[in-house]
Amino acid sequence: RTRQKYTKQPKWNKSVLQRQLRDIYLRLLPAKEEVAMKKKCFKKIQRILRKKFKESALHMFGSSANNLGICKNHDIDLSIEIDVKPSVEDDTSQSDSEEESQQLDLSKLQVGGGNGGERDKPTQQQVVKSMANLLRKNRMSRVIPIPKARVPIVKFIEPETGIECDICVNNLLAVENTVMLRKYSEIDPRLKELVILVKHWSKCRGVNGAFKGTLSSYAYVIMAIHLLQTLQPPILPCLQSTQYQPTVNKIVDGWACQYSGDVEGLFKNYGSMNKLTSAELLYQFFYYWGYRHNYKSSVISIRTGDWLTKQDKGWTTRKQGDNHLICIEDPFQLSNDLGRVVGRKTIFYLRDEFKRAADIMANAVDPIQAGLFQVLSEQEKEKKLKVYNDEVEEKRRRRKSMEKNAAGENNNNSNQK
């Protein structure tokens, strides 16, 4: 695959490209009606659940709540906060019948730790089944409880708005994460612009899904924050730095959630010394991930606002299906590498897309006209992946052949001795 010669000084007009990208960004923002519709849906579900789970709390998390979402995203992720028994791997002792979940007296449960004993508390699976029954009674559509999943969940559609909803139980780490990312987005508007544009690019180029072996939207958000933390001068602070007085300081699911969210006070105008536009930041993003990141040994960390090494994290080899080929530390759940789903067959595809975008922004007078956001069809994606798969297999064959030849030479030398 040939590449044009990389030039650090771009050829595009800064103000023209900034205006073009700003127009794209504004078109990608959720409309006021869409935001209002999600709020209406959230309040309706909240009212329904409080009929039975009187002392519970409902939280929205993810892109619908962190101020970094794209338009026409017709789904919301929710978590109910409620006292439950500690999770167990096997819940076979519990009946799957609707009758049992209807009989559960969950109305007196409290948020974050009630006075009742463990025996009086339901399991996550029971809560999921009970929620499903309640949602069906209140005419939600396509209600599908999945109580035995790794994260028990209820999927359904709110019929009035058509919004697809997922409710899990006590996913409070994700809730805290969402709040912190929202704080980052409020410090400097350039983060939101960069994230929205990168998300749009990833969707156009087919590198936007952990289930596809590429990166999740959440991973791209962390990558964007890290870039803005590590520029000189920095545009974003490290909210988890110990040099700042924390406004949030708690333990959630065994992980420390500690950061400063003093956006209006401590971090007001934090990045004002850096004058880079969102167009230039997009260029920096692709340049870094296409040509500068050390994929062999580096881990990006917004928790430290710096880089760690794979050796620091124990991510030097593939373990339990986690690949660690592009390492992105989760800011709270420190054992979680957000890039772990990227395999040997898709890492080449992903890196080539970063390089392609960097090359276009380096060499094109009009990067958008040159195809920066050109939509890749499913057939083209499959064709590209096949090329990378073939390359991986060929390298594997060569390596095995070399190992076999080396072993044969060693045997010959032993026989001669």
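Let me begin by describing the structure that accompanies this report.

Parameters and conventions
- Sequence order as written defines the numbering, with residues in each chain counted from 1.
- Reporting of local features is limited, given that this is a predicted model, to residues whose pLDDT is at least 70; pairs of side-chain atoms are given and counted only at 80 or more, and all residues count toward the totals for whole chains, interfaces and linings.
- Only hydrogens and water are set aside when side-chain values are computed; all heavy atoms of the structure are taken into account.
- Here the nonpolar core consists of buried residues drawn from Ala, Val, Leu, Ile, Met, Phe, Trp, Tyr and Cys, with membership extended through side-chain atoms lying within 4.5 Å.
- Buried residues are those whose accessible area, probed at 1.4 Å on protein chains only, stays under 20% of the maximum for their type, while exposed residues exceed 50% and partly exposed ones sit between those limits.
- By definition, residues are in contact when any of their heavy atoms lie within 4.5 Å.
- Should DSSP find at least two bridges between two strands, the strands are taken to pair.
- Helix numbers and strand numbers start at the N terminus; a helix is a DSSP run of H or I with at least 4 residues, a strand a run of E with at least 2.
- Polar contact is the term for a pair of N or O atoms within 3.5 Å; when the atoms are in protein, one must be able to donate a hydrogen and the other to accept it, and sequence-neighboring residues count only if both atoms are side-chain atoms.
- Only the stretch in contact is used when fitting a helix axis, every axis being a line fitted to C-alpha atoms; angles between N-to-C directions are given from 0 to 180 degrees.
- For classification purposes, angles smaller than 35 degrees are called roughly parallel, those larger than 145 roughly antiparallel, those between 65 and 115 roughly perpendicular, and all remaining angles oblique.
- If you view the pair so one helix is near and one far, a crossing is left-handed when the near helix is turned anticlockwise from the far one by less than a right angle, and right-handed when it is turned clockwise.
- The nonpolar class holds Ala, Val, Leu, Ile, Met, Phe, Trp, Tyr, Cys and Pro. Asp, Glu, Lys and Arg form the charged class, and all remaining residues, Gly among them, are polar.
- Two aromatic rings from Phe, Tyr or Trp, using only the six-membered ring of Trp, form a pair when their centres are within 6.5 Å; if the ring planes differ by under 30 degrees the pair is stacked, by over 60 it is edge-to-face, and anything between is tilted.
- Buried and open spaces are told apart on a 1 Å grid over the protein atoms alone, a cavity being a set of points where a 1.4 Å probe fits but cannot get out and a pocket being an open set with protein on both sides within 12 Å along at least five of seven lines. Residues with an atom within 4 Å of a point are the lining residues.
- Grid points are joined across faces, edges and corners, and a volume is the space filled by probe spheres set on the points.
- Patches were defined on residues exceeding 30% relative accessible area and lacking a salt bridge, with like-charge contacts within 9 Å and nonpolar side-chain contacts (Val, Leu, Ile, Met, Phe, Trp, Tyr) within 5 Å.
- Accessibility throughout is a Shrake-Rupley quantity obtained with a 1.4 Å probe, and a residue counts as covered only by protein chains that appear here.
- What counts as a salt bridge is simple: a side-chain nitrogen of Lys or Arg found within 4 Å of a carboxyl oxygen of Asp or Glu.
- Charged-residue counts in this description rest on Lys and Arg as positive and Asp and Glu as negative, His and the chain ends being excluded.
- The atom standing in for a charge is NZ when the residue is Lys, CZ when it is Arg, CG when it is Asp and CD when it is Glu.

Quick notes on the nonpolar core
The biggest cluster of nonpolar side chains holds 76 residues, and the ones touching the most others in it are Tyr-220, Leu-282, Phe-285, Phe-286 and Phe-354. Once residues within four sequence positions are removed from consideration, Phe-285 is found in contact with Leu-194, Val-198, Tyr-220, Met-223, Ala-224, Leu-227 and Phe-354. In terms of nonpolar packing, the next biggest core, distinct from the first, is built from 28 residues, Leu-58, Val-127, Val-143 and Ile-163 among them.

Things to note about the pairing of strand E9 (residues 306–309)
Here strand E8 (residues 298–301) runs beside E9; their pairing, made up of 4 bridges, is antiparallel. From the neighbouring strand, Ser-298 faces E9, where its bridge partner is Thr-309. Adjacent in sequence and paired antiparallel, E8 and E9 are bridged by 4 residues, among which Gly-305 carries a positive phi angle near 65°.

Description of the side chain of Ser-260
Relative to the helices and strands, Ser-260 resides in the loop between strand E7 (255–259) and helix H8 (278–292). One polar contact links the side chain of Ser-260 to the main-chain carbonyl oxygen of Gln-245, over a distance of 3.4 Å.

Section: the packing of helix H6 (residues 189–205) against H8
It is at 10 Å that the axes of H6 and H8 come closest, and there the two elements cross at 55°. When the axis of H6 is compared with that of H8, the two are oblique. H8 is crossed by H6, and the crossing has right-handed handedness. Residues Arg-190, Glu-193, Leu-194, Leu-197, Val-198 and Trp-201 of H6 lie in contact with H8, whose contacting residues are Ser-278, Leu-281, Leu-282, Phe-285 and Phe-286.

Describing the packing of helix H1 (residues 14–28) against H6
Helix-helix packing is described using two parameters, namely the angle between the two axes and the distance between the axes. The N-to-C vectors of H1 and H6 enclose an angle of 80°; their axes lie 10 Å apart at closest approach. Put simply, H1 runs roughly perpendicular to H6. Along its contact with H1, which presents Gln-18, Leu-21, Arg-22, Ile-24, Tyr-25 and Leu-28, the element H6 presents Lys-192, Glu-193, Ile-196, Leu-197 and His-200. Residue classes in the contact of H1 with H6 are distributed as 6 nonpolar, 2 polar and 3 charged.

Considerations on the packing of aromatic side chains
Inspection of the entire model under this criterion finds 13 aromatic pairs. On the numbers, 4.9 Å between centres and 90° between planes, the contact of Tyr-244 with Phe-267 is edge-to-face. Taken together, the positions of Tyr-244 in the loop between helix H7 (217–230) and strand E6 (248–252) and Phe-267 in the loop between E7 and H8 put the pair 23 residues apart, joining distant regions of the chain. The exposure classification of Tyr-244 matches that of Phe-267, with both residues buried.

Topic: the layout of surface pockets
One simple way to see leftover space: roll a probe sized like a water molecule over the atoms. Empty space within the second largest pocket amounts to approximately 480 Å³. Lining the second largest pocket are 19 residues, with Val-35, Ser-64, Ala-65, Asn-67 and Arg-182 sitting closest to its centre. For the lining of the second largest pocket, the secondary-structure elements that each account for two or more residues are helix H2 (32–50) and helix H5 (172–187). Looking at the lining of the second largest pocket, its residues break down into 8 nonpolar, 6 polar and 5 charged.

Remarks on the sheet that holds E8
Strand order across the open sheet formed by 3 strands is E9-E8-E10, with mixed pairing between neighbours. Looking at strand neighbours, the two that pair on one side only are E9 and strand E10 (327–328), the edges of this open sheet. Note that E8 and E10 share 2 bridges and pair parallel. The residue of E10 that forms the bridge with Ile-300 is Ile-328. Against the sheet, H7 makes contact with E8, E9 and E10, and its axis sits at roughly 85° relative to E8, the strand it touches most.

Section: the sheet that holds strand E5 (residues 163–169)
On the basis of which strands lie adjacent, the open sheet formed by 5 strands has the order E1-E2-E5-E4-E3 and mixed pairing. Across the chains shown, the open sheet's two edge strands, defined by having one partner strand only, are strand E1 (57–61) and strand E3 (141–146). For this sheet, the mean angle separating the axes of adjacent strands, direction not counted, is 20°. Bridge analysis of strand E4 (residues 153–158) against E5 gives 6 bridges, and the strand direction is antiparallel. Note on E5: the bridge partner recorded for Lys-155 is Asp-166. Strand contacts of helix H4 (residues 124–137): strand E2 (75–81), E3, E4 and E5, with the helix running at about 170° to E3, the strand carrying the most contacts.

Considering the environment of Ala-149
Tracing the backbone shows Ala-149 in the loop between E3 and E4. Under the relative-accessibility criterion, Ala-149 is labelled partly exposed at 28%. A sequence separation of 24 residues divides Ala-149 from Gln-125, and the C-alpha atoms of the two residues are 9.0 Å apart.

Side note on unusual backbone geometry
Omega for the bond connecting Gln-232 with Pro-233 falls within 30 degrees of zero, at -5°, which places this linkage in the cis form. Considering the arrangement of structural elements, one finds Pro-233 in the loop between H7 and E6. Not every positive phi belongs to a glycine, and Asn-269 is a case in point at roughly 60°. Along the polypeptide, Asn-269 turns up in the loop between E7 and H8. Given the relative accessible area of 57%, Asn-269 is considered exposed. Unusually for a residue other than glycine, His-324 sits at a positive phi of about 60°.

Remarks on a positive patch on the surface
Together, Lys-39, Lys-43, Arg-47 and Lys-51 make up a positively charged patch on the protein surface. By secondary structure assignment, the location of Lys-39 is in helix H2.

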